[in-house]
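Observations on the model geometry
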Amino acid sequence: MEVLSLKVNGDTRCLAAAPQATLLEVLREELGLTGCKQGCDKGDCGACTVLLDGQPVLACLTLAALVQGREITTIEGLAPAHRRRCAESPCASKQDKLHPVQDAFDEAGALQCGFCQSGMILSATALLQRDDDPKRETIREALSGNLCRCTGYTQIIEAVERASDEHAGREHRPRAWEQPATEPAGEGES
Amino acid sequence: MAARDQHGPQAPWRGEFRVLTKPQRKVDGAAKATGEALFTDDLALPGMLYARTLRSPHAHARIRSIDTQAARALDGVHGVITGADLPQSYGVIPWTQDETALATDRVRFVGDEVAAVAAVDERTAEAACALIEVDFEVLPARLTPEEALANPEPAIHHNERRPGNISKHVKLEFGDVDGAAAQAAQVVEGDFSFHGTTHAAIEPHCALARPDADGRLTLWSATQITHYLHRALALVLGLAPEKIRVIQPCLGGAFGGKSDPFSLEFCAAKLALITGRPVKLLWTREEVFYAHRGRHPMQMHYRTSSDGEGHLTGVDARLLIDGGAYSSFGLVTTYYSGQLLTGPYDFPSYRFDATRVFTNKPPCGPKRGHGSVQPRFAFEVQLDELAERLQLDPIELRRRNLLGENTTTVNGQRITSNGFARCLDEVERASGWRERRGRLPRGHGLGVAGSMYISGTNYPVYPNDMPQGGVQLKLDRSGLVTLFTGANDIGQGSSTVLAGIVAEELGVEPEAVRVVAADTDLCPVDLGAYSSRVTFMVGNAAIDGARKLRRQVLAALAQEWEVAEEEILLAGGRAGLFNGDRDLPMREAFVLAETRFETLGATGSYNTPTLGGDYRGGTIGASPAYSFTAHVVEVRVDCETGVIRCEKVWIAHDCGRALNPVLVAGQMEGSAYMGIAEALFEHHTINSRGLHAGPSLLDYPLATSVDTPELAALIVESIDPEGPYGAKEAGEGPLHPSLPALANAVHDALGLRLRELPFTPGRVLRALRSQAEAGS
Ligand code: FES
Ligand code: FES
């Protein structure tokens, strides 16, 4: 066992862990931050994505001992940090429960089972930090390490675009099913 | 049919929807977005032990003996169980109960469960598993259906009624198929094959069992069939059902892969009972590939006949189905492989002859579009071939064969609403089909396909006359309405749909409805999330229950205000009159109702009407309503590398009525994504030694956001007469046309007919080579 000091969601936490303990194990089992998910424990699925100094990393492939002193952000840290920011800056008009990316995911229907979402949302947040108006191709690239089995990625991409539009004060782009359909055929179906 | 099942498709308050049919956020959306939502593996209990499973290294072997002494002696080990501890066999279908939680005398595939250990942590449990000595007598393994049929002994399962490794055989014939072929102007005949795929939900299977202090047992599990699991646990553990509570926490995707009772649920429960401590058993990703229950590999021979104008006259199918080591839902799969093909086209004669065979591989089962995705691929490609022969536009050929609404299929299934013709119109328009198809440069093409799917099945897996769907509702002076239902929300959003229905009926805001789901102690029975049944059946049950409460609230208000009930409108969290007079917060209306009628509660039920053909198996595939889908797929094929790039899929789906269009679109897109990925990438392969070719999410290639095409969901509504407000399913139907539409697009692009899935670059290059040779 080693004593580790980790900075998670703004708090410094001291804990004992085996030298081979991954960040995923420590977050889930020692700190109770179960929003970080284990889909494979091998670096293949992206469900365990967290932010390390703002950059997405796979917690299942990261040794906890090696990230001491770095800024670790999990899904649980997003909304409280957003609320803090809102409270501090009087110009921020919206003081929502959710971080804008979380809110966009919820609104766009991007959360089906939700198992991939903490990783997805964190990858998307990191993307929007470096590019606040990403093209579709850029979004696809940035999320390509996060597997989703439910959505076909469409509503996830729409969520990222929605967050970007919201940030820029733009209108939301219409989705395929919002376009007007053809009139029902008059003479029935046969 | 009971009157309680019929509510009519109209909106409750003078025909206008206020909550439904509009995008609504999910009831659990915020919890999922913040990481607050708890999945089974997120739960931890004081004193909890961790379990691991020991699996067979052999594809087929007899167990001579098992020595667990060294494992038991390991420090930190609290319990070791083998097949002798859980000898009772089970299976989701009562007639084919051929599984045990742990092998009793025989293992049937590499990965079959042999023993389980509970210890202080996973590493100790794993180490203990390695200390268990199993003496195996290796038996010959049959890895293909042909091999299994040719070598009946040693049988994979001993079954006097069905010897020769046959799991199920169904042959049904309607009309004169051979006569139709003999007289047909056109006969298209050919072989097709589907390779086998798995669900690969991102959440691995997990179960947590707790022996409660009062002598009962609680099991939390990542299951989509809480009720069937409850029954299976009672059977296998030998406990009365009232001593067992099953809870499904948040579920991380299922797609049919969590609709059997699994070994880990029984093992966690048994180990908890033995040790007296909570036990968690989480399968690794590798183990999930062994649990499988994925889409069956099928070899399919189809012969489709038509007259000179392209009207279908007969369809003749022969299917060889590779079932893997156990029955699972295989009896139903075998029926579905034929029964679900008889729409959206009309043909007067049909025969299918389907045989499911046991092999020494991970068991196959139901995967999104159960049993019917593979036949649909073959048939829709043949329709394209037929159109080509007749020089007809493939959409036109399909239009000439429309089944239509309010009719009966050749195999006796009742069809009510049917929006398929409009689905074809939609994909034709949106894809620019008329201007583009057949006119794109070589390598670039468009293809079309259609399909039909069930909205729930008439056939509960164990025969009974009790309701198939149920809810219980309570409301009180707090203003909150609570809906209890056994229905499993597996990410598809069923709890959100049900909350929307209750909000619409009772006029409260959706946030004032809480859904308590999939807890066998608290919720009335529902059969579970399978066969696309939940919106249709539980939606109807929710309307049934909510209307009973609504009557009480209206009666109380009418008395208070001295008006007729018809003048009252409950909407947006307020009670008032349609003419604008009166305005009361709903909470106060509920106070009036609670005062007059005392404690308020209601139940709601749904049962299917009597349906199905009058022959053995005629009820399998019978559904109270069918959904319809058409796809157009656009591809670009690189002739140098053989790589098919699917660029876009237009998905038009008749879901009856879109109660929440965001959820419906999400189901349509997710379905099409999965279908395209199965056609291009996914391959659940077992090699010639019985080993899984790559049980990881890297080796089993899932489509990433970069590989997935643009998906355009085009919602078509046909307002079903019996669905809740006219709704039908959206979660499985829209997968079917993806595969054949893609194959047909490749034909448009290059003139190649691909009949063998998946369409790997190697296969494309081989086909191109044969094409060049034939041309030269
Ligand atoms: S759990 Fe870390 S990548 Fe899958
Ligand atoms: S929402 Fe289920 S895996 Fe992405």
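Everything quoted here is computed from the prediction, not taken from an experiment.

1. What about the overall build of chain A?
The secondary structure content of chain A amounts to 6 helices and 5 strands. Overall, the C-alpha framework of chain A stretches about 75 × 45 × 25 Å when taken along its three principal axes. Within chain A, the fraction of its 190 residues that count as buried is 52%. For chain A, long-range pairs separated by at least 24 residues make up 50% of all intrachain contacts whose partners lie at least 6 apart in sequence. Total accessible area on chain A stands at roughly 8,300 Å², and carbon and sulfur atoms take up 49% of it. Charged side chains in chain A number 20 positive and 29 negative. The centres of these two groups are separated by 3 Å.

2. Points about the pattern of salt bridges
Residues and elements named next belong to chain B. A complete count under the given rule lists 66 salt bridges over all chains for this structure. One salt bridge in this structure joins D260 and R293, with 3.2 Å as the shortest N-O distance. One end of the pair, D260, is in the loop between β11 (244-247) and α7 (263-275); the other, R293, is in the loop between α8 (285-291) and β13 (298-306), with 33 residues separating them in the sequence. D260 sits in the buried class, given a relative accessible area of 0%.

3. A look at the confidence of the model for chain B
Confidence along chain B averages 97 in pLDDT terms, with 99% of residues attaining 70 or more. For this predicted complex, the interface confidence score (ipTM) comes to 0.96, while the overall pTM stands at 0.97.

4. Section: the interface of chain A and chain B
The interface of chain A with chain B comprises 56 residues on the first partner and 69 residues on the second. Summed over the shared surface of chain A and chain B, the number is 10 salt bridges. At the junction of chain A with chain B, the criterion picks out 28 residue pairs in polar contact (both at pLDDT 80 or more). The element contributing the most residues to the side of chain A that touches chain B is helix α3 (residues 100-108) of chain A, with 5 residues.

5. As for the nonpolar core
Membership of the largest hydrophobic core comes to 160 residues, with the highest contact counts inside it found for F105 of chain A together with F759 of chain B. The element best represented in this core is helix α17 (residues 661-680) of chain B, accounting for 11 residues. Excluding residues within four positions of it along the chain, F105 of chain A makes contact with A110, L111, Q117, M120, I121, A124, I156, A159 and V160 of chain A. Among the nonpolar cores identified, the runner-up in size contains 60 residues, and V19, L251, V502 and L549 of chain B belong to it.

6. Concerning the side chain of D112 of chain B
All names here are of chain B. Counting through the fold element by element, D112 comes out in the loop between β4 (106-107) and β5 (113-119). One buried charged residue, D112, forms no salt bridge at all, with the nearest opposite charge on R108 at 5.2 Å. A polar contact of 2.7 Å, which involves the side chain of D112, links it to the side chain of Y326. Non-local contacts of D112, meaning those with residues more than four positions away in its chain, are made with L54, R55, S56, R106, V107 and Y326.

7. Quick look at the confidence of the model for chain A
For chain A, per-residue confidence averages 92 on the pLDDT scale, and 91% of positions sit at 70 or higher. Below a pLDDT of 50 lies the segment residues 184-190 of chain A, which in the model reaches 12 contacts outside its immediate sequence neighbourhood of four places, other chains included.

8. Some words on the packing of helix α10 (residues 373-389) of chain B against helix α18 (residues 738-750) of chain B
Residue and element names in this part refer to chain B. Packing of α10 against α18 leaves a shortest axis separation of 8 Å and a crossing angle of 30 degrees. As for how α10 packs across α18, the hand of that crossing is right-handed. For the pair α10 and α18, contact is made by V373, R376, F377, E380, V381, D384 and E388 and by L739, P740, A743, N744 and H747, respectively.

9. Digging into the domain arrangement of chain A
Residues and elements named next belong to chain A. Under the domain assignment, chain A is made up of domain 1 (2-77) and domain 2 (81-168). Placing a centre on the C-alpha atoms of domain 1 and another on those of domain 2 gives a separation of 21 Å. Listed as interface residues are 18 residues of domain 1 and, on the opposing side, 12 residues of domain 2. Interface area, domain 1 with domain 2, both sides summed: about 1,100 Å², of which 60% is carbon and sulfur. For the interface between domain 1 and domain 2, the tally reads 0 salt bridges. The set of elements that each furnish at least two residues to the side of domain 1 that touches domain 2 consists of β3 (49-52) and α2 (75-88). Here the element with the most residues in the side of domain 1 that touches domain 2 is β3; it accounts for 3 residues. Of the residues contributing to the side of domain 1 that touches domain 2, the split by class is 7 nonpolar, 9 polar and 2 charged.

Procedures and definitions
Residues numbered from 1 in each chain as written. Chains lettered and ligands numbered in written order. Predicted model: local features only at pLDDT ≥ 70, side-chain atom pairs only at ≥ 80, totals over all residues. Heavy atoms only, no water. Helix = DSSP H or I, 4+ residues; strand = E, 2+ residues; numbered from the N terminus. Buried < 20%, exposed > 50% of the residue type's maximum accessible area, 1.4 Å probe, protein only. Contact = heavy atoms within 4.5 Å. Areas by Shrake-Rupley, 256 points an atom, 1.4 Å probe, with all protein chains shown as cover. Lys, Arg positive; Asp, Glu negative; His and termini not counted. Charge placed at Lys NZ, Arg CZ, Asp CG, Glu CD. Salt bridge = Lys/Arg side-chain N within 4 Å of Asp/Glu carboxyl O. pLDDT = per-residue confidence, 0-100. Polar contact = N/O pair within 3.5 Å; in protein donor to acceptor, adjacent residues only side chain to side chain. Core = buried A, V, L, I, M, F, W, Y, C linked by side-chain atoms within 4.5 Å. Axes fitted to C-alpha atoms, helices over the stretch in contact; angles between N-to-C directions. Left-handed = near helix turned anticlockwise from the far one by under 90°. Domains from an automatic or database assignment. Buried area = accessible area lost by both parts, 1.4 Å probe. Nonpolar A, V, L, I, M, F, W, Y, C, P; charged D, E, K, R; others polar.

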